[in-house]
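Chain by chain, the residues run as shown.
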Amino acid sequence: MRRRALCAATAALAALGPLLLHAALGPRYGGELRVGVPDMPAALEPGSERGIGAGLVAMLAHETLVGVDEAGFPAPALAQGWSTAAGGREWTLRLRDAAFHDGRPVSAADAARSIRRFLRSSSFAAARLAEGVDGGAAFRAGRGEELAGLAVPDAKRIVLRFAQAPGLPLAPLAATAAAVTGPAGAGAGPFVPAAPVPGRRLALTAFAGHVGGRPYLDRVEVVTLPDGSSVPSEIASGRIDVAPGEPGISRLAATLLLILDPSRPPFDRPAARAAVAAAIDGGDLVRHLIPGGDAAPALLVPALLPPLGLGETPIAGRVTGTATLAVSLDVPPVASQRVVAHLTTLGLRVAVVPSSPATVLAAPTHARLLMWTPEVPEAGLALAELAALTHPSPATREELTAALDETDPARRRARLHRAEAALRSEWVLVPLASVPVSYRTRPGVHGAAVDLGGRLVLEDAWVEP
Amino acid sequence: MTGGLRGRLLAAFVLVAVPPLLLLTAAVTALLARSFAQSGDERLRDALAAALGQVDRQMKRAEAEVDSVAAELPDRRPDTDLPHLALRIGQNHALPALEIVSAAGRVVSSRHWLAGFNLSEQDGLFPGDETLRVERVGEGYGEAERLAVMASRPSTLNGDPVVVRGGTFIDAEFLAEMSGLTGVRLGLRDRRRQRWIAPPSSPLLAWSEPALSGQDARGEVALGGTAYRFAAVARNPDLWLVAALPRGELDRLTGLVRGLAFAFAAAALVGAVLAAVLLSGRIARPVRELAEQSRRVAAGDPGAAVAAPAGDEVGELARAFNAMTAELRTSRERLLQTERVAAWREMARRLAHELKNPLFPIQLSIETLRRAWDEPGGRERFAALFRESSDTVLDELQSLRRIIEEFSEFARMPRPELKPVDVAAVVEQVLALYQARAAGVRIEKDLAPGLGTVRADRALLARALGNLVANALEAMPEDGTLRVRAAPAEDGVVIEVADTGPGLDAEQRTRLFTPYYTTKKGGTGLGLAIVQGIVSDHAGRIEARSAPGEGTTFSLYLPRDPASVVSSPPVRERPA
């Protein structure tokens, strides 16, 4: 009898153990996290500034109407849902009951004001949205304050009207620049920013009124990592809890992208560009120099489209001359050395120009090597963003436009594949590898994640006591 | 004279001291400069030897390690991470440069060129030198070329033939380290690629076209505005190891030595001058003193004596001088005594002569009176003789009285009371006084302007002039010309009294100023002696110039201030 009771108790304990353990070690409120970033945003207002720091602060302090799910499709955020009418040309978004950090409720008027601000920002997604919304192009160009394609029927709904029925028209609203802010600039994100030390640190406290519920953490402090600092030693010393680095939480969210300038020799010839693409073996690059990377599918947006093996195979050749190469500082040096080695093997004399991630795209060099992540991790928008960096041929442009206008998801994906392959075949955009975006955390930090866009998500992060 | 002696002594000291010092300084400086230059060249040679020696040592070590790697490589189990294989092996064997190259010339794995795996090796080579290679290395976000000394050994990896190469970089870092150790700027000149391998701050980087030929070279070159001595040695025809030392160091040392030497020479010169001044003073002082005392002796001071330093020639001279002055004093005393005696004798003789003249008529008159009294019947003649004889006696007594008065006056000549006296006024006064006695004589007066005053006793001066004027008038009883001239002369005045009388012969001129010598009938012979005495008391001098038939001229030289004259020389008689 006693033995049976003991066995039963043991079995119960074994069954309940994980639950109990989970109850003991599961998410808990409280605690603080210090995140080290290489750069801090210049302002707290939502903008189109790229960079790890800017993306993190945007995720912590702001909320958008629309998000992107794991499949790369728009998902509700501040907007509870949406419906279409007029053959897909009219989209009505309904807002959740949410509040800003200053306590004011989020209204349709705030959303509309934020969309107007967004449409006039330098964001590519905003340009894309403005192209489709009625009167959007003129509004964006500053030719008037009238925006016929945006209406606010009531405090909880906003209506967007498009000239033509687009495919996934709401995707641009997932951009951080499209975050909804209050009249005084207050955000609606999970954390409330305190007074920042410009360029050095920013403290944010948990917002109990967040639309997704109060975050677990009481406080997040974002600090700038000193130049040349070692992330492992910074974490080991306890100065920071999370920072870019590996091993840690990661996601294949970035593309190691080589962009050749087709307007300048020696890359003004397609054959030369193809020879460059042929010379660089991404597989070797990933296998040996980029741990966790993936080069098997040479896609421009490998994280957003499954590989299909489309596209032409580049023809090897020889390229002579001199070229300058701007290399983004977030590219692993050994990877850039490999690229340079390949280019040198081709016959080129390469001069490397290190650049910051924010300026590498504008560098006046023959080529640029960078870790690229889309502004909005939606395949069509990402390809459009890439195409905007080059001057694709009319055929490629047409292919892309057709893909973006496709409303049927399956057909849309197929068209996007063809557009992506066409874009690649011009050999201006040379994807070398899919690269993980990783964040190293100290032991005891849980719940942190990396989204499709490679941004650190701390909404559900918690720390052990 | 003293200034001249001191100057000559000074010049002699300087000439004796300075040229040898300067020559010595120049010689020492030149020797030291050459020594420093040689020392600099030795440093350069030593630095080159040290650097080359270090390269050889690195090479030997590399050979040993590569031997070890090549030996162990075949036994390694198959490695899936080939690109990092060389990194791990290189870390284990402390080989900064290590690569494994396939038989086809592809890099299987490279520690220093991690990104170069599977690529064709593109090392730069130096013809004929298997140990030196220009390796491609990953640097920053790109790649670079670095010179390395490498050993090569064949081996196998996973059953495939490979070549293992390993070694050390001979790069800017290595050269900076060697430069720090040797204190010499080191650099490598790759003539094949026309470039320097040197630390970023090395001045050699500014040397665009070094002229290096043969097996070694040396010389000087200006780099960045600074002069350098350099030495170079060829590691192979295309790679030279160059060592350079700024001349500034040598020049600074040489300059320092030169400066010290010149400072020493300057100090020695100053010392020589000081010594010359002191010594010349010490030598010249006794000479100066001798000269001073000689002047005193010449001026008539018999008490001159100089200190006689013992032992040297100057002392001997001083002692001789002192003996001479002592003898002179003695002789002068004797002479003075003799002169005094002679003067007294002469005066007694003259006085006796003068006194005897009046005494004879007196005696004769008395005797005549006695004879007349004593002769019978002579009483009537006695009365007649008494008046005549008494007249004669009274006349002669009068002469005697006059002689005695003049003698007394000459003997008690007063000391002059010196005050500023207008010379022209005195001359005018005297001439006015004797104008009446110059009956047929024309008086010519020539008083130069600006005579001024002299310190003199006015009365005595007037008396002296009066005596001269009186003598001149007496020499021209009938007619003639009396010329009186006064003019400034020699820090004083000269007064000339000239007559056109009969003049004086040689004997008369020699005895002119002797007391009681006279050429005049009835003269006492004391007039000119009195004049001479007065002139002497005024520290002046009197000269007489005369010849028979040509008249006589007396010249009086009177100083402005008798006290400024040490002594007046005796009267000189100048021939006419």
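Everything that follows concerns the structure shown earlier in this document.
Remember, it's a predicted structure, so these values are computed and weren't measured experimentally. (Residues numbered from 1 in each chain as written. Chains lettered and ligands numbered in written order. Predicted model: local features only at pLDDT ≥ 70, side-chain atom pairs only at ≥ 80, totals over all residues. Heavy atoms only, no water.)

Colleague: Sorry, what's going on with the overall build of chain B here?
Modeller: For chain B, the count of helices and strands is 10 helices and 18 strands. Burial statistics for chain B: of 576 residues in total, 42% are counted as buried. (Helix = DSSP H or I, 4+ residues; strand = E, 2+ residues; numbered from the N terminus. Buried < 20%, exposed > 50% of the residue type's maximum accessible area, 1.4 Å probe, protein only.)

Colleague: Teacher, can you tell me more about the overall build of chain A here?
Modeller: A tally of helices and strands in chain A yields 12 helices and 19 strands. Here chain A holds 465 residues, and 50% of them are scored as buried. Nonlocal contacts in chain A, meaning residues at least 24 apart in sequence, comprise 70% of its contacts between residues at least 6 apart. When the accessible surface of chain A is summed, it comes to about 19,800 Å², and 57% of that surface belongs to carbon and sulfur atoms. (Contact = heavy atoms within 4.5 Å. Areas by Shrake-Rupley, 256 points an atom, 1.4 Å probe, with all protein chains shown as cover.)

Colleague: Can you help me understand the interface of chain A and chain B in this one?
Modeller: Accessible area lost upon the coming together of the parts is a frequently used measure of interface size. The interface is formed by 19 residues belonging to chain A together with 19 residues belonging to chain B. A combined buried area of about 1,500 Å² lies between chain A and chain B, and 61% of that area is made up of carbon and sulfur atoms. By the criterion of area lost to chain B, the three top residues of chain A are His288, Gln337 and Arg338 of chain A, representing 40% of everything that side buries. Taken together, the connections running from chain A to chain B amount to 7 residue pairs in polar contact (both at pLDDT 80 or more). (Buried area = accessible area lost by both parts, 1.4 Å probe. Polar contact = N/O pair within 3.5 Å; in protein donor to acceptor, adjacent residues only side chain to side chain.)

Colleague: So what exactly am I meant to see when it comes to a positive patch on the surface here?
Modeller: Residue and element names in this part refer to chain B. A surface patch of positive charge is lined by Arg6, Arg282, Arg285 and Arg288. With 3 residues, the single largest contributor to the positive patch is helix α4 (residues 247–299). Here Arg6 lies in helix α1 (residues 2–72). (Patch = residues over 30% accessible without salt bridge, like charges linked within 9 Å, V, L, I, M, F, W, Y side chains within 5 Å. Salt bridge = Lys/Arg side-chain N within 4 Å of Asp/Glu carboxyl O. Lys, Arg positive; Asp, Glu negative; His and termini not counted. Charge placed at Lys NZ, Arg CZ, Asp CG, Glu CD.)

Colleague: Looking at this structure, I do not really get the sheet that holds strand β13 (residues 441–447) of chain B. What am I missing?
Modeller: Remark on secondary structure: sheet strands pair via backbone hydrogen bonds, oriented parallel or antiparallel. Residues and elements named next belong to chain B. Read across the sheet, 5 strands follow the order β13-β15-β16-β18-β17 without closing on themselves; strand pairing throughout is mixed. The open sheet terminates on both sides in strands that have one partner only, identified here as β13 and β17 (541–546). For this sheet, the mean inter-axis angle between neighbouring strands, taken without regard to orientation, is 15 degrees. Strands β13, β15 (480–489) and β16 (492–499) of the sheet are contacted by helix α7 (residues 423–434), whose axis makes an angle of about 175 degrees with β13. Lying on the sheet, helix α8 (residues 458–474) is in contact with β13, β15, β16, β17 and β18 (552–559); it crosses β16 at an angle near 25 degrees. (Pairing = 2+ DSSP bridges. Axes fitted to C-alpha atoms, helices over the stretch in contact; angles between N-to-C directions.)

Colleague: I tried to follow the pattern of salt bridges on my own but got confused; where do I start?
Modeller: Residues and elements named next belong to chain A. For the structure shown, the criterion picks out 51 salt bridges over all chains. Taking the shortest distance from any N to any O, the salt bridge between Glu70 and Arg251 comes out at 1.9 Å. Here Glu70, found in the loop between β2 (66–68) and β3 (74–76), pairs with Arg251, found in strand β11 (residues 242–260); they are 181 residues apart in sequence, far enough to count as distant. The closest approach of N and O atoms between Arg424 and Glu420, which form a salt bridge, is 2.8 Å. Here Glu420 and Arg424 lie together in helix α12 (residues 409–425), a separation of 4 residues that amounts to about one turn. You'll find Arg424 and Glu420 in the same group, each marked buried. Each member of the salt-bridge network shares a partner with another, and the members are Glu32, Arg34, Arg201, Arg219, Glu221, Asp241 and Arg442.

Colleague: Can you help me understand the nonpolar core in this one?
Modeller: Soluble globular proteins tend to bury their nonpolar side chains together. Residues and elements named next belong to chain A. Counting residues in each nonpolar core, the largest one holds 67 residues, and the members touching the most others are Leu65, Leu93, Phe118 and Leu173. If you tally residues by element for this core, the top one is helix α10 (residues 379–389), at 7 residues. Those residues in contact with Phe118 that sit more than four places away from it in its chain are Ser123, Ala125, Ala126, Leu129, Arg140, Pro172, Leu173, Ala175, Ala177 and Ala178. One finds Leu202, Ala253, Ile280 and Leu458 within the second-largest nonpolar core, a separate group that totals 65 residues. (Core = buried A, V, L, I, M, F, W, Y, C linked by side-chain atoms within 4.5 Å.)

Colleague: Sorry if this is basic, but what is going on with the environment of Ala424 of chain B here?
Modeller: Residue and element names in this part refer to chain B. With respect to the element layout, Ala424 can be found in helix α7. Look at Ala424 and you get partly exposed, because its relative accessible area is 22%. A C-alpha to C-alpha distance of 8.4 Å links Ala424 and Thr453, two positions 29 residues apart in sequence. Residues within four places of Ala424 in sequence aside, it is in contact with Leu447 and Leu451.

Colleague: What is the right way to read the sheet that holds strand β7 (residues 157–161) of chain A from this model?
Modeller: All names here are of chain A. As summarised here, the arrangement of the 4 strands in space is β4-β5-β7-β6, forming an open sheet in which the pairing is antiparallel. The open sheet has two free edges, formed respectively by β4 (79–85) and β6 (150–154), since each of these has just one partner strand. Pairs of neighbouring strands in the sheet enclose a mean axial angle of 25 degrees, with direction left out of account. Note that β6 and β7 share 3 bridges and pair antiparallel. When the sheet's bridge partners are listed, Asp154 is paired in β7 with Arg157.

Colleague: What am I meant to see in helix α8 (residues 282–289) of chain A here?
Modeller: Residues separated by three or four positions in an α-helix point in the same direction, a consequence of the helix having 3.6 residues per turn. All names here are of chain A. With 7 of 8 residues buried, α8 lies mostly within the body of the structure. Within the span of α8, buried status applies to Gly282, Gly283, Asp284, Leu285, Val286, His288 and Leu289. On its buried face, α8 is in contact with β11, α9 (333–346) and β15 (429–441). N-capping of α8 is provided by Asp281, with a side-chain oxygen placed 2.9 Å from the backbone N of Gly283.

Colleague: Honestly, the packing of helix α7 (residues 270–279) of chain A against α9 of chain A in this entry has me stumped. Any pointers?
Modeller: Axis angle and axis distance: for two packed helices, these are the angle between their axes and the distance between the axes, and together they describe the pair. Residues and elements named next belong to chain A. Running from N to C, α7 and α9 point in directions that differ by 130 degrees, and their axes come no closer than 9 Å. For the element pair α7 / α9, the angle class is oblique. Seen from above, α7 lies across α9 with right-handed handedness. Side by side, α7 and α9 meet where Ala275, Val276 and Ala279 of the first sit next to His342, Leu343 and Leu346 of the second. (Parallel < 35°, antiparallel > 145°, perpendicular 65-115°, else oblique. Left-handed = near helix turned anticlockwise from the far one by under 90°.)

Shape descriptors only; they carry no functional weight alone.
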